[in-house]
Amino acid sequence: MSKKTAIVIGASRGIGLGLAEELARRGYRVIASERSESHELHAARERHPNRIETVSCDVTEKDSVAGLKSRLGEGSIDLLIMNAGVYGDGEQRIEDLTRENVAEIMMTNAVGPAQAALELLPLMKRGGTIGMMSSKMGSIDDSSGGTNLYRMSKTAQNMLARSLFRKNAEPRGVGVLSLHPGWVQTDMGGANALIDVETSVT
């Protein structure tokens, strides 16, 4: 069994929940966060006793992230997955973009996760990895347009992940990955998505 420790931020459902369970099956100690109480995550904790611990964390609230950091020791984490994010409402046409909805999704999907990863960086072991849950929809080259709030937030997240690596993580010997999980059958991805959660997280 592995003696490694992972944090999964945004593990209340979908891909984050699936990752927490997959890592637990692989023998990790998993610290899985929820923004509000998740019955699904607590059920997963019961299925994996002594493997999954649940904590509360909101990446848009600095005090919340600092509270999580204070519970753990420096250099104690092998893997940090930043999975927190939202899809946004409506068709997200260019003409629908406002100061308010742009600010909300950019803070939740891009700025908040990057700042949280930076705050938690001292917890990472040398040789550890930070995985930022991105999306193919953040690609500029491979884009069909539309869904602009979500797309622009993931494009921004990719840039911030690169900056986090070069300026902060690389000097500490920590890797940063931007991950595309596939089009997954979750509340966000919908029933017509190409793969299920188990396939994605495996």
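This structure is a prediction, so every number in the text was calculated from the model and none was measured. (Residues numbered from 1 in each chain as written. Predicted model: local features only at pLDDT ≥ 70, side-chain atom pairs only at ≥ 80, totals over all residues. Heavy atoms only, no water.)

Enquirer: Could you give an account of the packing of aromatic side chains, with specific residues and numbers?
Expert: Scanning the entire structure with this criterion turns up 1 aromatic pair. When the centroid spacing of 5.0 Å and the interplanar angle of 40° are considered together, the rings of Tyr87 and Tyr150 count as tilted. Taken as a pair, Tyr87 in the loop between strand E4 (77-82) and helix H4 (99-120) and Tyr150 in helix H5 (residues 148-169) lie far apart in primary sequence, 63 residues in all. The class for Tyr150 is buried, based on a relative accessible area of 7%. (Phe/Tyr/Trp six-rings, centres within 6.5 Å; stacked < 30°, edge-to-face > 60°. Helix = DSSP H or I, 4+ residues; strand = E, 2+ residues; numbered from the N terminus. Buried < 20%, exposed > 50% of the residue type's maximum accessible area, 1.4 Å probe, protein only.)

Enquirer: So what's going on with unusual backbone geometry? Which residues, and what values?
Expert: For residues other than glycine, phi is negative in most cases, and the peptide bonds are mostly trans. In this structure, Asn50 is a non-glycine residue whose phi angle is positive, near 70°. Positive phi is not limited to glycine here, since Thr147 has a value of about 45°. Its location among the elements puts Thr147 in the loop between strand E5 (124-133) and H5. We classify Thr147 as buried; its relative accessible area is 16%.

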